[in-house]
Structure formats: structure tokens, C-alpha cells
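Remarks on the overall topology
For reference, the chains in residue letters:
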Amino acid sequence: MPTEFDLHQHLLALQEDATAAFENESLISEMGREDVASLIDDIVGNLVETPENIMLDFVFDGVRSVIKHWESLDAQAMSNLADILLDRLKAFITVTAEDLSMDSQTNFDSVHKPVLEVYAFFLHWLTDSAETRHRQTKADDAAKESTLAKGKKKSTKAKVVVDGWSWPDQKCNLLETWGSLLKLEIQRIIISAAERDTFIGMITKSVSFLLEDIESVKNARLKNAAFVVLGLAAKKFDNGPTKSVQLRIVQLIREDHLTEPVADFLKKMADGLDFPELADGILREVKDWEFSDDDSKLSKAFAKFIVKLSEIMSDRVLKNMVSLQGHMDSDSYVVRNAMLEVFMNLIHLQLSTNPSEAAFSQMLSFYNILEERFADKNSFVRSKVLQVLLKLAERRDIGVTDIPLERWKPLVASTIGRLHDKASVVRKNAIKLIAKLIESSPFFAIESDKGRLNLGHFERKRAELKALLKEKFPDNYGEDPEEQEEFGEDAEEKNKPDPTQDAMPNPAPNPNELASLRRFLKYYSDGVRFLRQIKTAMPILCELLSSNTKTEVIECMRFFSIAFRYEMELAKDGTRRMIHKIWEKDASGSDDEGSIRDNLLKCWEIIYMNPMSDPLRSKDEVVANNLIGLIQELNLAEITSLEQLLGSMMEKSMIPDGVITILWSVFASRRKESLPGRRRGALAILSMFGKAKKEIIEKHKDALLACGLGEHAQSDLLLAKYACVALQQLGVVKKQKGLLPEVYARLPMNDPIFTRLCQLMLIPTKSYNWFGFAEQAVNTIFTLSEHPDSLCGHVLQVVAERIFQADASIDQVTEAFKSTLKIAQENSEGIAEIAVAAEGSMEAVADSNTTDENAYSSPMSNGSMMGDAFELSKLCFLIGHVGIRQIAHLEAIEQEWKRRKAAKEKASVAKKPDAGADELEQVTGTAEDEFTDAVAYIREMELLFGQTSLLAAFGPMITNICSFNLSYNVPILQVMSVLALCKLMCISSKYCDENLQLLFTILEKSTNPIIRSNIIIGLGDMSVSFNSLIDQNISYLYNRLTDTDPTVKKNTLMVLTHLILNGMVKVKGQISEMAKCLEDGDKRISDLAKLFFTELSTKDNAIYNNMPDIISNLSHKDTGVNEEQFRSIMKFLFEFLKKDKQNESIIEKLCLRFKNAEDARLWRDISFCISLVSFSNEKTVKKLIDALPLYQDKLHEPLVYKYIHDVIVRAKKLPKLDSKTMLDEFEEKLNKLHEKCLENEESIAKASGATAALSKKKRNEFDINMEDERELQQSLESLSLSQSKSPTIAKKVHPQKRGKAAAPAKRYISDNEEDDEDGESESDNNDSSGGEDSEEAEVPLKKPTRVNRRK
């Protein structure tokens, strides 16, 4: 029996080598199963007698041997040993407790201490061995399961329970036994503090080891028992300076799965055991922890712990916040995020509900820290602070938020600033926070405001209160200087005395009323400040609606729905921008967010279908009035999007039936006070509903005829236009892909609708609204009528007869128009754009021309039969639109023929499935081809060139008006004639070819931007039909990209985008003109250009193939752009070059350009393009290195060297690049060449300076010689009067008589002295020929003239 058991020595031996041999050891691994069972039975027998027998040598050594060879034991042996040790320890604990309770003078240190230490040591050793084996078994089972492709997984119970042995259950018993042990007065049993610390440390170490297993925490019984042991050990025995138990708990926090359980344990210690000091100690320990981004596991564990603790023990965390606050500067963003949540919990749970001044001051300091995090370098932290403020902005039960009013202004300003953040997640949370601040704002307190947050309303209220305050309390009137400065108040003017005050005494001020008025004034002043801040954010949020990030767009739409609901300024702008998101293609989305289209419909349902209650009107009436008011404010593009949006809402049954009823009543109202705008708006909305649900229009066709085309139509042609649009919905058939459209019943020619339409088109009017109505009237006739050609032919004849005033001319026109009219419908979507342009043209002309209508009805002095310019304009418009509708009408006839043929074939095949199927197919195929050819021939040759075609008579007239623009010089006539010419050219390629040059001439020479825009759109439609004709002259289209009018430029860019992306026009060198549009001053044009190149990049190598031409043209000194624009354009385009082969090739091509480039600007442009290439592989880098001889002599240019060097620096940072040595050598060589080039340039500069000085010296000497020569010449001239006999002198002076330049003047032009000498010798030779030859010296000067004349 060991007389003295030294626990410390045994723990050291166990820690150093648990497998070391000891005296009297039983080799369990070499013993048989029966022998092991016999040994354990002996141990059990001895311990059953009395627990103190554990101290016997045989028992002590036997237990040690069995635990040492735990891996060799079977389940029964393990169970028997664990059970007997736990049972005997419990029995001894009971005996010890009784002895302690009797307060006897027993020597516990010598009797009870050894037994307890031995039992505790054996259980500690057993715990370590059993837990290790258990974990290894689980790991082996998991590895086996992972190797199986399929099969049933073993249950958890099967892993931990073997033949009645359950280690998890035994762990619970073990921990509960230790809990009972620590409830004893251990300090009376183990008197020595050091030995007691060793004993407690051994137990807590075993508990910590058990808790390291994740499954242990999932077992509630085990977890509670473990923390009971730790709690007892900490409270009763952790009073020394080492704080070993506390440190053990701190180590548990490092495990991610133990962070929250430890926090809950600390809460129980504070509440259950009245020991909150443990939490304080833990917080003091963790305050010095240091974190980095690399140690993410520890950072996450600490973050979870501190956040959880701040939720359940906010008072203790607040007490230690001074020491914990240093973690806000941690390198780990996870820790910084956690501290932000801690601040939020402390404000919400402690400070915001504490009325003391100290708490308020501390809360303000916390908000200062939160504001600092708006500028954090990590986007996740910036996003987290917004999320924290979002929770703090939630209203409490008492109706207030946790954000004090003093902090609203800086917080709102900082949040608006984050709308410009480069991280999408930050921008998204900023939008959410602004929306939440609006909903939780404290400015809903006054009931008279009716829940409105309108800036104008608040400013009016504030002004009224200031006036009232000044009137009632002039002596006590005044505001804070800060507020006066913010709102632009003039303090001197405010404090200026009123002269009337001396005349009448002021009444005694009422302090309560004064205080009340000042409170109201502060309320509205704060509201004005807040609403002005939100107003500054509105334009930014409108821009974010165009973001490529889906979540941002959705949050922006939700924000505008909230802002619109509270009637905030500029909210309508956002709701109008939202309409265009209906065209987004994302049809699906996650369950939480949904698609953009779905969210748009929900937002619009909130805005317009669920308005705020109005006591005077019903909900449906409010909805109808809102829709009518909306459509009156929208432009054409927004109305198109609104039509699609309302149609989608109608399909999803989001429109109440009561709204439709009210809209019809507004439209059909006969009250004189009904505004025409409301009637038109109601009809337009009904037309949009009718496009999705045709029955809405069918049921009220009579109302459309009676009101839309009846009594109000003549005075309101816009109403008639909308009525036509509504009627067209009766003929709309939804097309299904791969199927022919369904048939709808057309109306007879004598239907009242057509009669009324013809009457309205023939009503004499000079209103520009006639053109829009006539367009829709013709569309309605061709959509619904059985024979639209006859009806439109009648209208054309009547309009033409009105124009020709003379009787003889009328007979001629009548004779020419007796033929049958063959006209019909439009065929392409591009033609619709011409119609839209025509309508826009009318409005533009109406706005731009302010002269009276008589200016357009005056006869034109060209000698023709046409006198009224406006009537002639109407005729031209009808000719063009009726002609273009002919194409679609022919296609409709062809489709109907095919449909009938397909139905007939289907019926015949059903009757005779096998008889002559091949022959029938051949016959019908031939007939179909013949019919298609016949339709094509009619379009090409009959409509504009047939002898019986009415349009053929008008074609030359249109050409004549367009050709003689000076004679037909009325703007509206020129617009309509050119528009008609474009439409007629879309019909026949022959007519198009004949007038194409005329159209190009008008495009180049016309000063009217409306005409140029219409021609551009028309050329786009012609390219669809007659690609070869337009492709040869595509340069005319590209030239309009430099047009001075932004509308023409925008339309040109749109047309070219459509043609190029759809493969109708080949991409050529002129694409550089489209690249210039990327830097256009008009944002709409630059956005369209970006969209074009983004879509073009989806086509194979399209941008790569054209990149050399783009670089050449943009860097050209005549046709290019400046360097700043060049860099911006190239930076955008090079983002689309992502393939390695493209980068390799483009580097090679760019380096070759250095060879022939002589301008420093070209060097800089080329090197900048090189710096934009992605050097993602070694081949690309090697291409640049191999091309060094091509640009080594250009390295003296600073930017060239900088760009090349930047490439090297960037390439070194790439992780996949292995050739670091090659880059270092290249960099060294590049630096040497750079220095050498600089030296050469300095030498050249010095040499050039010396040469320039020498040249200047020679020039001065030359000038002196010339002065001497002039003096000599003057002397000779003076001598010639006195010495006329001298032949030499006479000959030299002779040219002066003819008025020619003298010889010295020729010498002055030349800079070469040798040439001067040659000139003198040559003149001497001429002089030697004799004096008579001097007259013939002038003859060679006249020879070129004679030669030219003969030629």
C-alpha cells in the first residue's frame, strides 16, 4: 500500500510518458481475456469491501495496469472498471461528507486525502484514455463511410454503444461524481494550497478535455454537469493569484462550439451562484488578445462569445467596456464587426433606457465610435455599422428609437455618403438604413401633418411659427446661432427693432406659450434639416436604379415606394425611373428577394393600389385619380414602360375592378367641367389594361365610338388618337413562338367606327395633333377593316383634291386616281420607330415654330398646283404611312393564306394519312413558293410603279418636294415629305435605289435635326429590307455620330447598335466613331455606347478584331481624341479582352507599332494600352520582353517607361507566374536602357543647343553681308545714271525696269552661299549673251500660261 501518494509526481509521470513501465505492472496486452476478467474481478471484490482498499498495492497496481492498457480491453472489462471506480468514489464521498458534517477532529489530510486523490487520478487517467479511444473510433468509422459510394450509414448509437458499454453515459456519471466531490469542503481535506490547486486543476483539465468534443456540447446533461464542475471549482477554489480555473475557462473560449455555452455558463454563475466576478475576470483576460486576419478561427470564436455575452450580460460588459474598446482597432475585421454589435446591444439594452446624464454621455461617445467605422478600410465593417444602425433605428414599444435626435444629422449625412461606396453590399445597406430612418423618423408626432414628410409643408409650417413667434414675443424672439446659419437667416435683420414697438406697449409674455412655440419651431426646424438631407440623396438613388447589382435595385425600389407613400419631394422621379425596370430579364429570384420585375410589381401595388385612406373619396377613386395624374406627367418612353407594367399587373389580377369602372366613368363623363386631360388619361390607362385583357375594350366599344370618336373628338384630336389606340386592342392577337397567329373577326367597311375615322381625318384643321391622330386612325383601319385599301384610298383622294385648286387640275387628278387602290399594313418593328419619330417631330415643330398658322397655308410660289403647305404636309404624311402599312397588310394576307393551307393539309392528312402524302407536299410547297414570290413582286414593282396603283402617282410628287426644298420651304412640309420618302423607300428596292443619293444629300445638307433623325431611323429600316444598298453607303450613317445635335447622335448610335448586333451591318473601321461616344458629354449617349460594346463583347472576338483599328483612329492626330479621353476609352474596352491568346496577340501587335511610330503621343498611347493588358501567363510576359528592341529607344519618354515598369510590378504579384527571375532581369535591363536613353537625350539636347547658337551666329553674319550687298546695289544703281556705257551695270539694272525682283532678293530667299554663287555665275552667263537678249529673258515666265491655254 503506498503510504504516501504524490499526486503531482504521478501527473508529471503521466504527462511525460503514459506508456512507461512501473513496478508490479500486469501486462494486460499479453494476458488472455479470462485472465483480464479475473484481475478486474479481484479489483472489484476488494473495492466492494471498502473504498479505502484502493490504496492496497495489489489493487493500486492492478487498476494502473488496466487503465494503461485501455486499448486492449474489451467492452465488458471497460464497463466493469469504470463502474466500480465511480461507485466506490461516490460511496467514499458520502462517508467523507458525513465525517465533515460531524465536525470531528479527524485528520482528513492523512486519511481521506490519499483516497480521494487516488480515485480522482485514476478517473482522470481513465477519462483521457477512454475519450481518446472514443474519438479515434469515430474517426475510423467516418473514414469507412466516406469510402462507400452508397450504403446505409451506421447510427450514432451504434458508434458509441458496444455490448452495453456507453462512454457518453459514463461521461455524464463521471462529471456528476466530480460535481459531488467538489461540493465537499476540500480545503479541510487538502490543506496545502499548492496540492489543492493541483487536485482541482487535474479535474478541470479532464472536464475541458471532454468539452472539446462537439458532440459533448450537444448532450445537455453532459454540458450542464461539466459547467457545474467548472463553476464550483471557480467559486470555491480559484481564489489564488494564478486563477487556474479562470484561465481554463478562457481557453475554452478559443473553441468555436464552446463560445456561446461559456457565455451562458457565466450568466448562470452570476444569477445562480451569485458570482458575477467570474465574468469580469474572463473579460479582463480577453481584453489583451491580439487578432489577425490569418487567425480567423480565434477571431470568430471571440466574436461569437463577446456578442453573446453582451446580449445576456450587458451590464457586466458595459462595466468592462473601457478595456474591451481597444478591440475596435483590431486587425481582424471579424472582431471589429463583433464590437459593433456589442455597442449596439449596450445602447439598446442599457444606455437608451437609462435617464442619467452619464449614460447619455456614454451613449453619445458610442455613437461617435460607430460613425468612425463609416470610414473603415474593410467593406464588411462599413456594411456592419449600417446594419447595426438599422437595428437601432427600430421603434421601441414606446414609439421612439435608440438613436437620440442629436445624432440624426451626422448619421444621415454619413449614410448618404455611403451611397457612393465602391462595395455593393455597403450601398445596399445604406439604402435600407435611409428607408428605415424615414419610417422611424420622429416627425410624425403632429396629427395635422397627416403623416406627410413633404419638405415644402415643413418649411411653410416653420415659417408660420417663426412669424407667429416674432409677432407675439418680439423681445424673446430668436433662434440658435447655429440654426440661423444653417437655414440662411440674417441675424441682424432678425434682431432689428420694430419702430412700432415704441408706440404700443408689449403685453407680458406667457412663458408656457413661448416654450411651447419654441418646441414646435425646433420640431419643424429639425424636420426641415432631415428632409433636406434626404432630398440630396434622391438623385443618387435614382442613379442606383440602373445598377447591375440586383439587390441594390430592389432596395432602391423599396425606398422609393416608402418615400412616395410619405409624399417626399423627388420621390416621383424615382417612381418614374422604376417603371423601366419592367424590361429586366431576370424572371426568377430567391425566395427572400424575388426577381426585379416581381419586386417592381409589389412596389407599384403598394404605391398606387394601396394608397393612404382618404375620408372624402373611396380607395378605388383615389387609385384611378393617381393613375390619371401619373400618365399626364410621363414622357413617351415612360408611357411605353408603364403600358407593359400595367399589363403585367392586369395579368396577375392586381388591378381592382372598381378602378376600371371609375376610369370608364371619367372617360364617358358628359359634364362640361370635365377636363380633357383627365378624359384622355383615363382612356390611355384603359387602353393599357385592354392590351392584357381584351374584354375591357370589347364591353365598352360603344362608349369609345360615342365619346372618343364623337362629340369630344373634333375639338380634342388627342382624345380621338387614344380612342384609336384602344380600338386597336380588339385586333391584337398574342403570337406564340413557332405558331401562326390566331384569326380575329374583322369589321365590315360600313361599320360606324370607320365612317367616323374617315370623317375626323378629313376635318379641316391646322392642329399638329392631327398627325398623331391620323397615324393611329390609319393603324386602326388596317387592323380592323376587311378592306382597308378602299377606305384609305378615299381619304387620300379627298385630301389631294383639296390641294389642287384649279378645275382642270381636279379633273386630271380624278382621272389619275380612278384606278383601284392596293394598300396595307406595316411589317417591321423598325417602322414603328419612324412613326414615333414622326409624332415626336410634330410636337417638336409645334414647340419650335411660333409663327401663326397662316404662314403654313400661304400659297407657294413655285408654279405648281399645290397651294396650302399644311394640307400638302397632311397628304405627304398619309401617303407615307398608308404606303408603309401596305407591307404588313401583304404579310398578313400571306400568313392567313398559309394558315388556311396548313389547316387544309391537316384535314386532308387526317382523312387520307398514307395516300399521296409526298405528292401533296410537293404540290403545296410549290404553291406556297409561288404565292410568296407574287407578294414580293407586288411589293417591289406594283405598289410604287404599277399603272393601277394610286401610290405610284404620289411617288414622283414626294421626290419632287424633297428635291426642291427651297421652293417648298415650309418646315413642316419638309419634315413630312422626307418622312414619307423614307417610308416609301422601305417598300421597294428599286424606288430606294433611285432616291438613295437624294436622301443622303438631305441628310448631309439639312439643318433641321428632326429631318436628320427621321432619315437615320429610316435608313435603319431600309438596312433590314435592302441590306446591300445601305451597306455600301454605311459611312453616311457613321458620319452622323459627329452630328452637332444630341438627338441625332443618339438616334444614330441606337440604329447602328441595332444593325451591328443583329448582324445586318458588318463591323468596319468606323467603329472607332462609336468608341468616341463613350466619352460623350451627354450621359445618355455614353451609356448607350457602353451598352453597345458590352453586348458586342458577347460575340466571338468582335472587340479584339477591331481593337487595332480603334487604337489607330483614336490616337491619330487629326481624327483622334485627346490623351485623357483615349485612356478612358481604352480602359473600358480592354476589360473585354480576357482570353490569354488575345492578350498575347495584342501585345505583339502593339509592340510592332513602336517600329513606325515617330510621335511621342503615339508612344504614350501604345504603352498605355500595353499596361491595360492582363499579363496572366508567361507567354504574354515573354512577348513583351522579346519586343524590347522595338521600344528601347523610346524609354526616355517618362510615361512610356512608367507604363512598361508598372506591367513588371503587376506581373510579379501574380501567384501563378513562375518566371520571377526573368522579370527581375528584364526590370534591371529596362532600368539601364532608361538611364541610357536619358543620357542620350541630354547629349542631343546639348548638341542641339550648340548647333542653334552656331546657326544664330551664322545668320547674324549672313544678315551683315546682305546689308553690305544692298548698299553695293544702291551704289551701282546711282552709278548707272552717270555711266550708261557700262554694259554690265546696265544689264543688272535692267530687271528693275520690268518691275521684277532684283538678283539680291533671290539670294535672300536662299540660305546656301553656294547657291548664291551659282546664281551670280548664271546671271553672268546671261549677261554675256548680249544686250538684245535681255528682252527675251521674260519669255520663259509666260510659257506655262501658253501651255495651259493650248491644253
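One numbering rule holds for all chains: residues counted from 1, following each sequence as written. A pLDDT threshold of at least 70 governs which residues receive local features in this predicted model, and a stricter bar of 80 or more applies before side-chain atom pairs are shown or counted, although totals over entire chains, interfaces and linings include all residues. Side-chain metrics rest on all non-hydrogen atoms present in the structure, leaving aside hydrogens and water.

Strands here mean DSSP runs of E at least two residues long; helices mean DSSP runs of H or I at least four residues long; both are numbered from the N terminus. From N to C terminus, the protein chain includes 65 helices and two strands. Taking all 1351 residues of the protein chain together, 47% fall into the buried category. In the structure as shown, the protein chain presents an accessible area of about 68,000 Å², 50% of it carried by carbon and sulfur atoms. Buried, partly exposed and exposed residues are distinguished by accessible area as a fraction of the type maximum, computed with a 1.4 Å probe on protein chains only: under 20%, between the cut-offs, and over 50%, respectively. Surface accessibility follows the Shrake-Rupley procedure with a 1.4 Å probe radius. Residue values consider only the protein chains on display as shielding.

Turning to the packing of aromatic side chains, a few remarks are in order. Geometry of an aromatic ring pair is reported as the spacing of the ring centres plus the angle between the planes. Classification of ring pairs rests on two measures: the distance between centres of Phe, Tyr or Trp rings, Trp counted by its six-membered ring, which must be within 6.5 Å, and the angle between planes, read as stacked under 30 degrees, edge-to-face over 60 and tilted in between. Counted according to the given criterion, the structure contains 34 aromatic pairs. Here phenylalanine 121 and tryptophan 125 contribute two aromatic rings whose centre-to-centre distance is 5.9 Å and whose plane-to-plane angle is 50 degrees, an arrangement assigned as tilted. One end of the pair is phenylalanine 121 and the other is tryptophan 125, both in helix α5 (residues 108-147) and four residues apart, which spans about a single turn. As far as the burial class goes, phenylalanine 121 and tryptophan 125 line up, both buried. Residues phenylalanine 1132 and phenylalanine 1136 carry aromatic rings whose centres are separated by 5.3 Å and whose planes lie at 85 degrees to one another, so their mutual orientation is edge-to-face. Taken together, Trp408, Phe443, Phe458, Tyr523, Tyr524 and Phe530 form an aromatic cluster joined through their ring pairs.

Any carboxyl oxygen of Asp or Glu within 4 Å of a side-chain nitrogen of Lys or Arg constitutes a salt bridge here. In total, this model carries 57 salt bridges according to the counting rule given. With a closest N to O distance of 2.9 Å, glutamate 131 and arginine 135 form a salt bridge. Note that glutamate 131 and arginine 135 are positioned in helix α5 at a spacing of four residues, about one turn of the helix. Classification of glutamate 131 as buried rests on a relative accessible area of 0%. Among the charged side chains, a salt-bridge network with shared partners connects Glu131, Arg135, Lys171 and Glu212.

This brings us to the nonpolar core. Among the buried residues, those of types Ala, Val, Leu, Ile, Met, Phe, Trp, Tyr and Cys that are joined through side-chain atoms within 4.5 Å form a nonpolar core. With 383 residues, the main nonpolar core has Ile54, Leu85, Phe559, Phe1093, Met1130, Ile1170 and Tyr1191 as its most contacted residues. With 15 residues, helix α26 (residues 511-544) is the single largest residue contributor to this core. Those residues in contact with methionine 1130 that lie beyond four places of it in its chain are Met1107, Ile1110, Ile1111, Leu1114, Phe1168, Cys1169 and Leu1172. When checking whether two residues touch, look at their non-hydrogen atoms; a contact exists if any pair is within 4.5 Å.

Attention now moves to unusual backbone geometry. Phi is positive for aspartate 274, close to 55 degrees, though the residue is something other than glycine. Of note, leucine 570 is a non-glycine position whose phi angle comes to about 70 degrees, a positive value. Among the secondary structure elements, leucine 570 is positioned in the loop between α27 (550-565) and α28 (571-578). Among the residues examined, leucine 570 registers a relative accessible area of 32% and is labelled partly exposed.

The subject of this paragraph is the environment of threonine 96. By the secondary structure assignment, threonine 96 is in helix α4 (residues 75-101). Sequence separation between threonine 96 and leucine 116 is 20 residues; the distance between their C-alpha atoms is 9.6 Å. Apart from residues no more than four positions distant in its own chain, threonine 96 is found in contact with His112, Leu184 and Ile189.

Before going further, it helps to examine the side chain of arginine 1040. Within the secondary structure layout, arginine 1040 lies in the loop between α50 (1034-1039) and α51 (1046-1061). Arginine 1040 sits in the buried class, given a relative accessible area of 11%. One polar contact links arginine 1040 to glutamate 1004, side chain to side chain, over a distance of 3.3 Å. Pairing of N or O atoms within 3.5 Å defines a polar contact, subject to two protein rules: one partner must be a possible hydrogen donor and the other a possible acceptor, and residues neighboring in sequence count only if both atoms are side-chain atoms. Among the polar contacts listed, one links the side chain of arginine 1040 to the side chain of aspartate 1043, at a separation of 2.6 Å.

Attention shifts here to the packing of α27 against α28. Relative orientation of the contacting elements α27 and α28 amounts to 140 degrees, with a least axis distance of 9 Å. Relative to α28, the element α27 is oriented oblique. α27 and α28 meet at a crossing whose hand is left-handed. Between α27 and α28, the contacting residues are Met557, Phe560, Ala563 and Phe564 on the first element and Ala571, Lys572, Gly574, Thr575 and Met578 on the second. When residues are grouped by polarity, Ala, Val, Leu, Ile, Met, Phe, Trp, Tyr, Cys and Pro land in nonpolar, Asp, Glu, Lys and Arg in charged, and all others, Gly among them, in polar. Tallied by class, the residues present in the contact of α27 with α28 amount to six nonpolar, two polar and one charged. Note on method: axes are straight lines fitted to C-alpha atoms, helices fitted across the in-contact stretch only, with angles between N-to-C directions ranging 0 to 180 degrees. Throughout, the term roughly parallel applies to angles under 35 degrees, roughly antiparallel to angles over 145, roughly perpendicular to angles from 65 to 115, and oblique to all others. Crossing chirality is assigned from the near helix's rotation relative to the far helix, an anticlockwise turn below a right angle marking it left-handed and a clockwise turn marking it right-handed.

Turning our eyes to something else, we now look at a negative patch on the surface. Think of a patch as exposed residues, more than 30% relative accessible area, with no salt bridge, where like charges cluster within 9 Å and nonpolar side chains (Val, Leu, Ile, Met, Phe, Trp, Tyr) cluster within 5 Å. This count recognises Lys and Arg as positive and Asp and Glu as negative, with His and chain-terminal groups excluded. For charged residues, the charge sits on one atom: NZ in Lys, CZ in Arg, CG in Asp, CD in Glu. A cluster of acidic residues, Glu290, Asp293, Asp294, Asp295 and Asp331, forms a negative patch at the surface. For aspartate 295, the location among the structural elements is in the loop between α14 (277-286) and α15 (296-312).

For arginine 1012, the position within the fold is in helix α48 (residues 1009-1025). For arginine 1012, a relative accessible area of 7% corresponds to the buried category. When residues no more than four places from it in sequence are discounted, the contact partners of arginine 1012 are Leu1003, Ser1006, Thr1007, Arg1040, Asp1043, Thr1044, Asp1045 and Val1048.

Moving on: the packing of helix α2 (residues 33-49) against α4. As a packed pair, α2 and α4 sit with axes 10 Å apart at the nearest point and diverge in direction by 15 degrees. With respect to α4, the axis of α2 lies roughly parallel. For the pair α2 and α4, the sense of crossing is left-handed. Residues Ile40, Val44, Leu47 and Val48 of α2 pack against Ala77, Asn80, Ile84, Leu85 and Arg88 of α4. In the contact of α2 with α4, the residues fall into seven nonpolar, one polar and one charged.

The next thing to look at is helix α47 (residues 989-1005). End to end, α47 covers 24 Å across 17 residues, agreeing with the expected 24 Å (1.5 Å per residue, within 8%). At any given residue, the bend is defined as the angle formed between two axes, one fitted to the seven residues that end at that position and one fitted to the seven that begin there. Of all the bends in α47, the largest measures some 50 degrees and sits at asparagine 995. When α47 is considered as a whole, its buried residues turn out to be Tyr991, Cys992, Asn995, Leu996, Leu998, Leu999, Phe1000, Ile1002 and Leu1003. Buried residues in α47 make contact with α45 (950-963), α46 (971-985), α48, α49 (1027-1031) and α50. For α47, the capping residue at the N-terminal end is serine 988, with a side-chain oxygen 3.2 Å from the backbone nitrogen of lysine 990. To estimate how far a helix should extend, the number of its residues minus one is multiplied by 1.5 Å.

Another aspect to go through is the environment of serine 365. You can see serine 365 is positioned in helix α19 (residues 357-372). Residue classification places serine 365 among the partly exposed positions, given a relative accessible area of 30%. One polar contact links the side chain of serine 365 to the main-chain carbonyl oxygen of glutamine 362, over a distance of 2.5 Å.

Known as pLDDT, the predictor's confidence for each residue is given on a scale from 0 to 100. Confidence in the prediction for the protein chain averages 79 pLDDT; 80% of positions are at 70 or higher. Of all the helices and strands in the protein chain, helix α63 (residues 1303-1309) carries the lowest mean pLDDT, 33, while helix α20 (residues 379-392) carries the highest, 95. Low pLDDT, under 50, characterises residues 490-504; the predicted model gives this stretch six contacts beyond four residues in sequence or across chains.

With that settled, consider α20. Taking 1.5 Å of rise per residue, the 14 residues of α20 would be expected to cover 20 Å, and the 20 Å separating its terminal C-alpha atoms lies within 8% of that figure. With 10 of 14 residues buried, α20 lies mostly within the body of the structure. For α20, the set of buried residues is Val381, Arg382, Ser383, Lys384, Val385, Leu386, Val388, Leu389, Leu390 and Leu392. For α20, the side-chain oxygen to backbone nitrogen distance between the N-cap and phenylalanine 380 is 2.8 Å, and the N-cap itself is asparagine 378.

Now for the state of the cysteines. Defined simply, a disulfide is a covalent bond joining two cysteines at their sulfur atoms. Two cysteine sulfur atoms make up a disulfide if the distance between them is within 2.5 Å. Here the structure, examined in full by the defined rule, presents zero disulfides. Considering cysteine sulfurs only, cysteine 986 is the nearest to cysteine 992, which forms no disulfide, with 7.3 Å between them. Residue class for cysteine 992 comes out buried when judged on its relative accessible area of 0%.

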